Amino acid sequence: QVQLVESGGGLVQAGGSLRLSCAASGRTFSSYTMGWFRQAPGKEREFVAAIKRSGGNTYYADSVKGRFTISRDNAKNTVSLQMNSLKPEDTAVYYCAASLATYAVREDNYLYWGQGTQVTVSS
């Protein structure tokens, strides 16, 4: 069982930056691929980024590639999402999730989810 708690959301102007963090409980954090998803109002939840267990491989949605960076610290049981050059269309609730799959970019790959943190980008 893994419990995930996101933090770092907020209101930012277009072009600005935010850093989201996700703290995980449990001793097996390094066994999980970690991912970030987001859900905008009236839309389905979508994949944003994922990072493999060792942190050596990362994956991004095309819409955030070059602007967002996912990282993890297995010693601290945390995964982060650095978001730069934010756009109004990045406005959404952002969720942290954990997967036992080696390659996990689909929502149904993930077993555990955080409660989400709101990111609002004003134009």
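Read on for a plain summary of the structure. Because the structure is a prediction, the values reported are computed rather than measured.

Time to look at the overall build of the protein. Scanning the protein from terminus to terminus reveals 0 helices and 11 strands. The linear arrangement of helices and strands in the protein, starting from the amino end, is β-β-β-β-β-β-β-β-β-β-β. Computed over the C-alpha atoms, the radius of gyration of the protein is 13 Å, within 12% of the 14 Å expected from 2.2 N^0.38 for a compact globule of 123 residues. Across its three principal axes, the protein shows a C-alpha extent of roughly 40 × 25 × 25 Å. The buried share of the protein, reckoned over its 123 residues, is 44%. Nonlocal contacts in the protein, meaning residues at least 24 apart in sequence, comprise 58% of its contacts between residues at least 6 apart. In the structure as shown, the protein presents an accessible area of about 6200 Å², 46% of it carried by carbon and sulfur atoms. Charge separation in the protein, taken as the distance between the mean sites of 13 positive and 9 negative side-chain charges, equals 7 Å.

Moving on to the sheet that holds strand β8 (residues 78-83). Strand order in the open sheet formed by 4 strands is β1-β3-β8-β7, with antiparallel pairing between adjacent strands. A strand with exactly one partner marks an edge of an open sheet, and here the two such strands are β1 (4-7) and β7 (68-73). The average angle at which neighbouring strand axes cross in this sheet is 15°, direction not considered. Two strands pair when backbone bridges link them, and strand β3 (residues 18-24) and β8 are joined in this way by 6 bridges, in the antiparallel orientation. Bridging from a neighbouring strand, Leu20 pairs with Leu81 of β8.

Counted by the stated rule, this structure contains 6 salt bridges. For the salt bridge of Arg45 with Glu107, the shortest nitrogen-to-oxygen distance reads 2.9 Å. Linking Arg45 in the loop between β4 (33-39) and β5 (46-51) with Glu107 in the loop between β9 (92-99) and β10 (112-113), this pair joins segments that are 62 residues apart in sequence. Here Arg67 ties to Asp90 by a salt bridge, and the two come within 2.8 Å at their closest N and O atoms. Highlighted residues: Arg67 in the loop between β6 (58-60) and β7 and Asp90 in the loop between β8 and β9, separated in sequence by 23 residues. Of the two residues, Arg67 and Asp90, neither departs from the other in class, the shared state being buried. Taken together, the salt bridges that share partners define one network made up of Arg38, Glu46, Arg67 and Asp90.

You will see that Asn77, though not glycine, has its phi angle at about 55°, which is positive. Examined against the element boundaries, Asn77 turns out to sit in the loop between β7 and β8. Among the residues examined, Asn77 registers a relative accessible area of 16% and is labelled buried. In the Ramachandran plot, Ser85 falls in the positive-phi region, its phi being about 50° despite a non-glycine side chain.

Conventions adopted
- Residues numbered from 1 in each chain as written.
- Predicted model: local features only at pLDDT ≥ 70, side-chain atom pairs only at ≥ 80, totals over all residues.
- Heavy atoms only, no water.
- Helix = DSSP H or I, 4+ residues; strand = E, 2+ residues; numbered from the N terminus.
- Rg over C-alpha atoms; globule rule 2.2 N^0.38 Å.
- Buried < 20%, exposed > 50% of the residue type's maximum accessible area, 1.4 Å probe, protein only.
- Contact = heavy atoms within 4.5 Å.
- Areas by Shrake-Rupley, 256 points an atom, 1.4 Å probe, with all protein chains shown as cover.
- Lys, Arg positive; Asp, Glu negative; His and termini not counted.
- Charge placed at Lys NZ, Arg CZ, Asp CG, Glu CD.
- Pairing = 2+ DSSP bridges.
- Axes fitted to C-alpha atoms, helices over the stretch in contact; angles between N-to-C directions.
- Salt bridge = Lys/Arg side-chain N within 4 Å of Asp/Glu carboxyl O.

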